[in-house]
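What follows is the residue order along each chain.
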Amino acid sequence: MRQQETGGRARKAVFSPVDNRARVDTVVRRLADAIELGLLADGEQLPGESELAGQLGVSTVTLREALMALRQQGLVTTRRGRGGGSFVSLPEVPADDRLRARLRGWSTEELRDLGDHWAALSGAAARLAAERTEPDDLRQLRRTAEELTRAEGAAARSRLYGRFHVELAAAAQSARLTREQVALQSEIGALPCLVLADDAYREEVADRHRSVIAAVQDGAHETAGTLAERCVRESTARLVAVRLTL
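Residues numbered from 1 in each chain as written. Predicted model: local features only at pLDDT ≥ 70, side-chain atom pairs only at ≥ 80, totals over all residues. Heavy atoms only, no water.

1. A few points about the pattern of salt bridges
Inference 1: This structure, assessed with the given rule, holds 12 salt bridges.
Inference 2: The salt bridge involving Arg202 is made with Glu203; its shortest N-O contact spans 3.1 Å.
Inference 3: Taking the relative accessible area as the measure of exposure, Glu203 reaches 31% and is therefore partly exposed.
Inference 4: A salt bridge links Arg238 to Glu204; its shortest N-O distance comes to 3.9 Å. On the criterion of sequence distance, the pair formed by Arg238 in helix α12 (residues 221–244) and Glu204 in helix α11 (residues 199–218) is long-range, its members being 34 residues apart.
Inference 5: What you see here is one network of salt bridges that share partners, running through Glu204, Arg208, Glu234 and Arg238. (Salt bridge = Lys/Arg side-chain N within 4 Å of Asp/Glu carboxyl O. Buried < 20%, exposed > 50% of the residue type's maximum accessible area, 1.4 Å probe, protein only. Helix = DSSP H or I, 4+ residues; strand = E, 2+ residues; numbered from the N terminus.)

2. Topic: unusual backbone geometry
With glycine set apart, most residues show a phi of negative sign, and most peptide bonds adopt trans.
Inference 1: One non-glycine residue, Gln173, lies in positive phi territory at about 60°.
Inference 2: Structurally, Gln173 can be placed in the loop between α8 (154–171) and α9 (175–188).

3. Re the packing of aromatic side chains
Inference 1: Tallied over the full model, the rule gives one aromatic pair.
Inference 2: Summarising the aromatic geometry, the rings of Trp118 and Tyr161 are spaced 5.8 Å apart at their centres and angled 55° between planes, so their arrangement reads as tilted. Of the two residues, Trp118 is situated in helix α6 (residues 108–132) and Tyr161 in helix α8; the sequence distance between them amounts to 43 residues.
Inference 3: The buried category is assigned to Tyr161, whose relative accessible area is 1%.
Inference 4: The residue whose ring lies beneath Arg79 is Phe87, and the NZ or CZ to ring-centre distance is 3.8 Å.
Inference 5: The ring of Tyr201 has Arg238 lying over it, and the distance from NZ or CZ to the ring centre is 3.9 Å. (Phe/Tyr/Trp six-rings, centres within 6.5 Å; stacked < 30°, edge-to-face > 60°. Lys NZ or Arg CZ within 6 Å of the ring centre and 35° of its normal.)

4. Observations concerning the environment of Val195
Inference 1: Checked against the element boundaries, Val195 lands in helix α10 (residues 193–196).
Inference 2: On the basis of relative accessibility, which here comes to 8%, the residue Val195 falls in the buried class.
Inference 3: Residues Val195 and Ser107 lie 88 residues apart in sequence; the distance between their C-alpha atoms is 17 Å.
Inference 4: Not counting residues up to four positions away in its chain, the partners in contact with Val195 are Tyr201, Arg238, Leu239 and Val242. (Contact = heavy atoms within 4.5 Å.)

Below, the structure written as structure tokens:
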């Protein structure tokens, strides 16, 4: 376990067996969330139907229905013939006006409630990661944090921001926390684009992420948890401030 990269654990959570209830919908949500977060790369070929169905613990009929729904959403494309299969299709991030329209659908109370849930998840993940990880387990987290410092577009920054929190949960070696974080990031969607377009704030976030990683590496679990919570609460406060201008 200690030799596995965090990114590998995050992907493993994506392909772990789904809940027995509403299986088609659950498979669709699981894969859609992973694609929108960039845990599955644009153009990446998914495992064959039999293999993927086995990994997710569903029948091939259920998987085919889920893949059909993902194709209808534009998240998966299927190619026939030699070299064919199902491939990830990364969605375009909505334009700024569409993002603002989506943000208007949230009340400030709902945004703060979402931020509380997000902070609780990330704080718990950071504390557990500080207790359980070794330095080699943090390579993917460091890579994601460094990619954020170089990311130019708001869309890329938003995906990396969400991915960092998913990988933090994976570093906690908790499949349940990881799946919860994936689902939460899907609910948030591309809204962080509205605050991460600002270069100064992008640098601030990158610094916060590096501080979380340093605390995790040092085994300072309370500091790591507090820093992760603070990062989330700051982002939520900025989204609330944007919402108040609409």
